[in-house]
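If you want the building blocks of each chain, they are given just below.
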Amino acid sequence: MKNIIIILNYNDFETTQKYIEQIINYKSIDKMIVVDNASPDLSFEKLKGYASEKIDVIYNPKNEGYAKGNNFGINYVNSKYTAENIIISNPDIIVSDESINEMTKFLDNNSEYASVTGLIRNLNDDIVKNYAWKQPSYLDIMFSSSLVLNKIYNTLNPEYMFYKKPTVLQGHKDVEVLSGCFFMIRNDVLKEINNFDESTFLYHEENLLFKKINNLGFKNAVLLPEKIVHFEGISVAKNYGSYLKKARFMHDSATVYLTKALNISPLQLKIFNIIFKLGTIEKYFYIKYIKSRSNKNEK
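Residues numbered from 1 in each chain as written. Predicted model: local features only at pLDDT ≥ 70, side-chain atom pairs only at ≥ 80, totals over all residues. Heavy atoms only, no water.

Enquirer: Sorry if this is basic, but what is going on with the nonpolar core here?
Expert: Among soluble globular proteins, nonpolar side chains are generally buried collectively. I5, I33, Y131, F182 and F183 are the most contacted members of the largest nonpolar core, which totals 72 residues. If near-sequence neighbours (up to four positions away) are discounted, I5 is found in contact with Y19, I23, I29, K31, M32, I33, I87, S89 and F182. Counting 13 residues, the second largest nonpolar core, distinct from the first, contains A254, V256, F272 and F276. (Core = buried A, V, L, I, M, F, W, Y, C linked by side-chain atoms within 4.5 Å. Buried < 20%, exposed > 50% of the residue type's maximum accessible area, 1.4 Å probe, protein only. Contact = heavy atoms within 4.5 Å.)

Enquirer: How do you make sense of the pattern of salt bridges when you look at a structure like this?
Expert: Once the charged atoms of two side chains with opposite charge are near each other, the side chains can pair. Tallied over the entire structure, the rule returns 11 salt bridges. With a shortest N-O distance of 3.3 Å, D56 and K31 are connected by a salt bridge. With D56 in strand 3 (residues 55-59) and K31 in strand 2 (residues 31-36), this residue pair connects regions lying 25 residues apart in the sequence. The salt bridge partner of K68 is E64, with a shortest N-O separation of 3.3 Å. One continuous salt-bridge network, built from bridges that share partners, spans K2, E84 and D108. (Salt bridge = Lys/Arg side-chain N within 4 Å of Asp/Glu carboxyl O. Helix = DSSP H or I, 4+ residues; strand = E, 2+ residues; numbered from the N terminus.)

Enquirer: What exactly am I supposed to notice about the side chain of N71 here?
Expert: Here N71 shows up in helix 3 (residues 66-80). If sequence neighbours within four positions are ignored, N71 has contacts with N195, F196 and E198.

Enquirer: Explanation requested: the packing of aromatic side chains in the structure shown.
Expert: Remark: the centre distance and the inter-plane angle together describe each pair of aromatic rings, the angle taken between the planes. Scanning the entire structure with this criterion turns up 10 aromatic pairs. An angle of 85° between the planes, with centres 5.5 Å apart, marks the rings of Y66 and F196 as edge-to-face. In this pair, Y66 sits in helix 3 while F196 sits in the loop between helix 7 (187-192) and helix 8 (205-215), placing the two residues 130 residues apart along the sequence. F196 shares its class with Y66; the two are buried. For the pair Y284 and F285, a centre-to-centre distance of 5.4 Å together with 80° between the ring planes defines the contact as edge-to-face. For Y284, a relative accessible area of 33% translates into the label partly exposed. F285 sits in the exposed class, given a relative accessible area of 53%. Here R248 stacks its cationic end above the ring of F249, 5.6 Å away from the centre of that ring. (Phe/Tyr/Trp six-rings, centres within 6.5 Å; stacked < 30°, edge-to-face > 60°. Lys NZ or Arg CZ within 6 Å of the ring centre and 35° of its normal.)

By themselves, these observations are geometric and do not establish any function.
And the structure:
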């Protein structure tokens, strides 16, 4: 098979259902693997009805995050099928059959590239800031954990992690890290790097994955004329709503990235932990302040 798409669902049956119905007849997709990541809302029971010759609906009995959930699907694919390319996709996506075809052609014609995606936009059709980004450094991760330090750092270095939004939408742009909401990757490269790093639950999965890809010398591309609409974190907001809970996930994942991918020293890790804790307090009170102002305005 040429392209197999893996769609990870958690407590979001309605969104996943709409996505399946959107892409079910795409000729660019040979097989769809819908992975229910141990949803407690009976998503699996509802999604099973879509099982067909083209669609496999499988159940991961334990939700251990984005990386393990996608690896569950990847391992399933490689145990049952032969896939040249694997598409990793959130369910809150709009993408055309033609765009997936263009991504397939790009990988067919450019052996030095491991992965490819389109230009990611929001529901207002605006190009999002994080359509792709540079491999984050230690300082990038540390300063971005604080509102004040991030503001200073961003002023001194406006493009420290994110690329400029393209204005000429022709050809492709080489980038270091693709957004995990939707991308196509060669299956043999995935096998070589042993899939996603399973040490994280949420956040930094792309940074860990593409660090391994970049270390092998492969390139990654964004096809600028191809549009991918992402509903921007609906699943995360719906299922992991508490700020402090998300902050804990962010800290744990950042620690994995800093220690495994960047090999920082124990002293650097201690400094990061201090900055992150201060930043978490700072952001917590800032969110409370914004909410209180919003409530006053509503009255």
